[in-house]
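# Inside the fold
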Amino acid sequence: MSFYTSLTGLNSATAQLAVTSNNIANVGTSGFKRSRADFGDIFSTSPLQKSSSNIGQGVSLKQVSQEFSQGNISTSGNSLDLAITGDGFFPLKTPDGLQDIYTRNGSFTLNDQNNVVNSTGQRLLAASVDSSGKADLERLSPLVIPPKTSGEAKETTKIQLGLNLPADSPVILGDFDRSNPATYNKSTALTVYDSGGNGYLATVYYTKTQNASPGSPFSKWQTEFFVGDTQVKPALQQASNSTGSELFVNKYGDIRPKSDPSVTPPSGTVAMYTLDQLTDVRNSSPAPAVGDTINSTHFDVASGFYKTSPTATPTDFKVGNTMGFKLSVDDSPLTVINYTLTAADQDPATLARNLQIEINNVMGKLADTPDDPLTPEVDPKVNARYGITVGFNPDSGRFTFNSGTTGDASNIRLETSTATPSESLSSNLLGVKIDAGVGVLQTPSSLEAAQRGKPSYPAVLAGDTLTINTSGNVALVEANNDFTVSVDGITAKINVDTGNYSMETLAAKLKEKINTIVDPVSKREVAGVDVKWDAKAKQLVFSTGTTGDAASIQVTGHPDWGLGNTEMRFGQTTQWIKLAQYADNGALQYVRNGKQTEDISDLNTKNDWWPVFLDRGELTFDLTGKPVSPIKPMGFETAFLQGGKGALTMSIDFTQSTQYSSSFAVLSQAQDGAPEGELMGLDIGVDGLVNATYSNGSQNSLGKIVLANFSSPSGLRQVGDASYLASATSGVAKVGEAGSAGFGTIRAGATERANVDLTQELVDLITAQRNFQANAKAIETSSTMTSAIINIRS
């Protein structure tokens, strides 16, 4: 029996030697786990045998198991090489998709279907992820890394160009021809993309069309946009202010943003106006009433004087005759004006000046008309009128009567008749045509929306802030009750009676005194001056009844009243802009729903505001080189690509451009389109999240590499290539995210080396060798003993 016992020892030593040799052979195999041979002794007995006298019968190999200790990590240049640090296995699927395989060998590559596979073609499984990177562990699928994006091509809709256009560039006024560089100053080019990711060369040409001047302190450039050989026309663009609010214009050329409460954007079809055409600036004017040329019966053209004779009748020019007519200004009641002729009035120009004085003296003192006789002080109708002018044109022989106020709301009407000699005299001397016994001069009616502009402003003088106590009464004494007043060229000194007054009462007394001033030479009376006390600002405020540039006022007095250091203040004649509707080749243009048209159907005739547009494709810079318009991206009409390849609708943002003295430069350039992207890089995180970076700038999360673990990894069944199958002993695979509880982390660009310790294996090799030699010696001894027994007989 000893012979057979030693034979089992030889077999076990051989098995150990084989396991050790296998470990040594796989020392360079990535993910290989060291094997260990486990042995057990053989012992057999029966119930009737005495166990203490039984002898063992040798040794047997029980199992060869793996030690799943961590192997060293070795870096590599392949981003698909993966190493697990900690517990877990990579889940794989066989090429036929029927069997699940598990491995620690992370040497992966891409196959022809862009699957991540190992050297035997087994595909690495991964979980899909949501936008936050959370994995769906219920659905694992082979990890695919596409070499290019699909469906991620983006059509170009927005282009950003920040340029510096040289301020000293010459103005070019000829027709643009892209094939002739002499017809434009500069150009830029970039690539734009259609929805399929196909690229097209887009070129923008820049032509300087205007230098800044005193009349227009802006420089202008015209842009021309081409996609390939197709010119793209700029879309109609409404002007906007610095905050981006769209601009509108009224009939007087006042430009207001849409955010202004007075602006009501129109609907339907409206007339088209452009910002560049709002240049016809005019002064607001009063309403005129122009007489006919004076009849030669009463006027000597050669001398320029009225005719006179000893036999003159009351209807002819004669010193002492009285002229009479009725006058209404700005809808005031018809008021009788009577004027007695003097010798100087034989000159019509002198008569015009004297009539002007008389008219203003009468019209400036008209009493208010109460709306309710029971409460005459509440909102009465003001009838007094100021600043009416009368002029005579010797070239045409005509008189002109002008209202004292400017704007389209002003009007004037003069009436005469043949009923009285004085009115007949007025008709004869003023050129008032008599029809059926009645003569009328009045403001002519017009179909134009705007004729004379807007009301002008009076002269306003605000005194200095008072330093005295004004909460109660103030004292006027001999030392501070004198004032010097100048109103519209009439200067006089006034004084207010001494006493104690509230500031409101003092203002009322000053107003009363000022409006009694009379020019001693011309007999022109001051009227319409208003004086108020501004309790908040502690100032006396004076304003004229007349308006416009000719109105003036200055009041000086004691410093107690804030009038010790005043200056002459003047009114202001307002200005307005005569609108000119935009025309294309002589045809008036309109706008409907943001589109330019010549169709006037649905024309809105009730609106007070019109959108104001920029000239198509125009860039405007101020004197500092900063952009004025457009301050929004410049839109373009749809560009239809050649060969029926589709269409592009784009805008170009020039708002970061400048016009400085430096040379032409592209400061910034971008567009939002993109082609399909080529794979540029791959990043695999420690949690297994796979992110791919593509040449079009997109970054896609392709999935998350998960790990599998077992309750008893040593029970896994080896199938070669450092791969394993689950078994009943190992238990069912549990799948989880790398880095979570029970799972290690993943390191990309590295592999796990075999956990074989060569030193230990060499020691085991020597041990197996000695075991083999010892068992062989035991067999040799048994053989010798057997031979000795056989030789006894002989």
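To keep things clear, this report deals only with the structure shown in the data block. Being a predicted model, the structure only gives us computed values, none of them experimental.

## Focus: the overall build of the chain
Secondary structure summary: the chain contains 5 helices and 60 strands in total. For the chain, the spread of C-alpha atoms along the principal axes amounts to about 205 × 75 × 50 Å. When the 794 residues of the chain are sorted by exposure, 42% land in the buried category. On the chain, roughly 39,900 Å² of surface is accessible, and the fraction owed to carbon and sulfur atoms is 51%. The centroid of the 60 positive side-chain charges in the chain is displaced by 7 Å from the centroid of its 79 negative side-chain charges.

## Some remarks on the pairing of strand β10 (residues 135-142)
Relative to β10, strand β9 (residues 123-129) runs antiparallel, the two sharing 4 bridges. Paired with Val129 across the strands is Ala135, a residue of β10. In this structure, the hairpin formed by β9 and β10 is closed by a connection of 5 residues, where Gly133 is found at a positive phi of approximately 90°.

## A few points about the sheet that holds strand β16 (residues 247-250)
An order of β17-β16-β45-β19 is seen for the 4 strands of this open sheet, with the pairing classed as mixed. Here the strands that pair on one side only, and so sit at the sheet edges, are β17 (255-257) and β19 (273-274).

## Considering the pairing of strand β28 (residues 412-417)
Looking down a regular strand, the side chains alternate between one sheet face and the other. With 5 of 6 residues buried, β28 is to be regarded as a mostly interior element. Direction of pairing for strand β24 (residues 322-329) relative to β28: antiparallel, over a ladder of 4 bridges. The residue of β28 that forms the bridge with Val329 is Ile412. Direction of pairing for β28 relative to strand β30 (residues 438-442): antiparallel, over a ladder of 5 bridges.

## Quick notes on the pattern of salt bridges
On inspection of all chains with the given rule, the structure shows 20 salt bridges. Linking Lys220 and Glu618 is a salt bridge whose minimum nitrogen-to-oxygen distance equals 3.5 Å. Of the two residues, Lys220 is situated in strand β14 (residues 219-227) and Glu618 in strand β46 (residues 618-621); the sequence distance between them amounts to 398 residues. Grouping residues by exposure puts Lys220 and Glu618 together as buried.

## Observations regarding the layout of surface pockets
Computed from the structure, the largest pocket encloses a volume of approximately 560 Å³. If you trace the largest pocket, you find 30 residues lining it, with Gly387, Ile388, Thr389, Asp488 and Thr546 closest to the centre. Of the residues assigned to the lining of the largest pocket, the class counts are 11 nonpolar, 14 polar and 5 charged.

## Considering the sheet that holds strand β29 (residues 434-435)
Strand order in the open sheet made by the 5 strands is β25-β24-β28-β30-β29, with antiparallel pairing throughout. Two strands close off the open sheet at either side, each with one partner strand: β25 (335-340) and β29. Alignment of β24 against β25, held across 6 bridges, turns out to be antiparallel. By the bridge assignment, Lys326 is partnered in β25 with Val336. Lying on the sheet, helix α2 (residues 348-363) is in contact with β24 and β25; it crosses β25 at an angle near 140°. Of the strands in this sheet, β24, β28 and β29 are in contact with helix α3 (residues 421-430), which crosses β24 at around 80°.

## Observations regarding the environment of Lys33
Structurally, Lys33 is set in the loop between α1 (2-25) and β1 (35-42). Sequence separation between Lys33 and Ile517 is 484 residues, and the spatial gap between their C-alpha atoms is 120 Å. Setting aside anything within four residues of it in sequence, one finds Lys33 in contact with Gln66, Glu67, Phe68, Ser69, Gln70, Gly71, Arg104, Tyr724, Glu752 and Asn755.

## As for the side chain of Glu737
Of note, Glu737 is situated in strand β58 (residues 734-737). At 2.8 Å, the side chain of Glu737 and the side chain of Lys704 are in polar contact. With near-sequence residues (within four places) excluded, Glu737 lies in contact with Ala135, Leu137, Lys704 and Phe743.

## Section: the packing of aromatic side chains
Evaluated as defined, the whole model comprises 21 aromatic pairs. Measuring from centroid to centroid gives 5.6 Å for Phe90 and Phe108, while their planes differ by 85°, and the two rings are edge-to-face. With Phe90 in strand β5 (residues 90-93) and Phe108 in the loop between β6 (100-103) and β7 (109-110), this residue pair connects regions lying 18 residues apart in the sequence. No difference in accessibility class separates Phe90 from Phe108, as the two residues are buried. Seen from the ring of Phe226, Arg178 lies directly overhead, with NZ or CZ sitting 4.2 Å from the centre.

## A closer look at the nonpolar core
Membership of the largest hydrophobic core comes to 30 residues, with the highest contact counts inside it found for Met323, Leu327, Leu351, Ile359, Phe399, Phe401 and Leu430. Looking at this core, the elements that each hand over two or more residues are β24, β25, α2, β26 (389-393), β27 (398-406), β28 and α3. Of all the elements, α2 adds the most residues to this core, at 5 residues. Core analysis: the next-biggest nonpolar cluster, separate from the first, contains 29 residues, Leu461, Leu510, Ile514 and Ala551 among them.

The rules we used
Residues numbered from 1 in each chain as written. Predicted model: local features only at pLDDT ≥ 70, side-chain atom pairs only at ≥ 80, totals over all residues. Heavy atoms only, no water. Helix = DSSP H or I, 4+ residues; strand = E, 2+ residues; numbered from the N terminus. Buried < 20%, exposed > 50% of the residue type's maximum accessible area, 1.4 Å probe, protein only. Areas by Shrake-Rupley, 256 points an atom, 1.4 Å probe, with all protein chains shown as cover. Lys, Arg positive; Asp, Glu negative; His and termini not counted. Charge placed at Lys NZ, Arg CZ, Asp CG, Glu CD. Pairing = 2+ DSSP bridges. Salt bridge = Lys/Arg side-chain N within 4 Å of Asp/Glu carboxyl O. 1 Å grid on protein atoms, 1.4 Å probe; cavity = no way out; pocket = protein on both sides within 12 Å on 5 of 7 lines; lining within 4 Å. Points joined across faces, edges and corners; volume = space filled by probe spheres on them. Nonpolar A, V, L, I, M, F, W, Y, C, P; charged D, E, K, R; others polar. Contact = heavy atoms within 4.5 Å. Axes fitted to C-alpha atoms, helices over the stretch in contact; angles between N-to-C directions. Polar contact = N/O pair within 3.5 Å; in protein donor to acceptor, adjacent residues only side chain to side chain. Phe/Tyr/Trp six-rings, centres within 6.5 Å; stacked < 30°, edge-to-face > 60°. Lys NZ or Arg CZ within 6 Å of the ring centre and 35° of its normal. Core = buried A, V, L, I, M, F, W, Y, C linked by side-chain atoms within 4.5 Å.

Keep in mind these values describe shape, not function.
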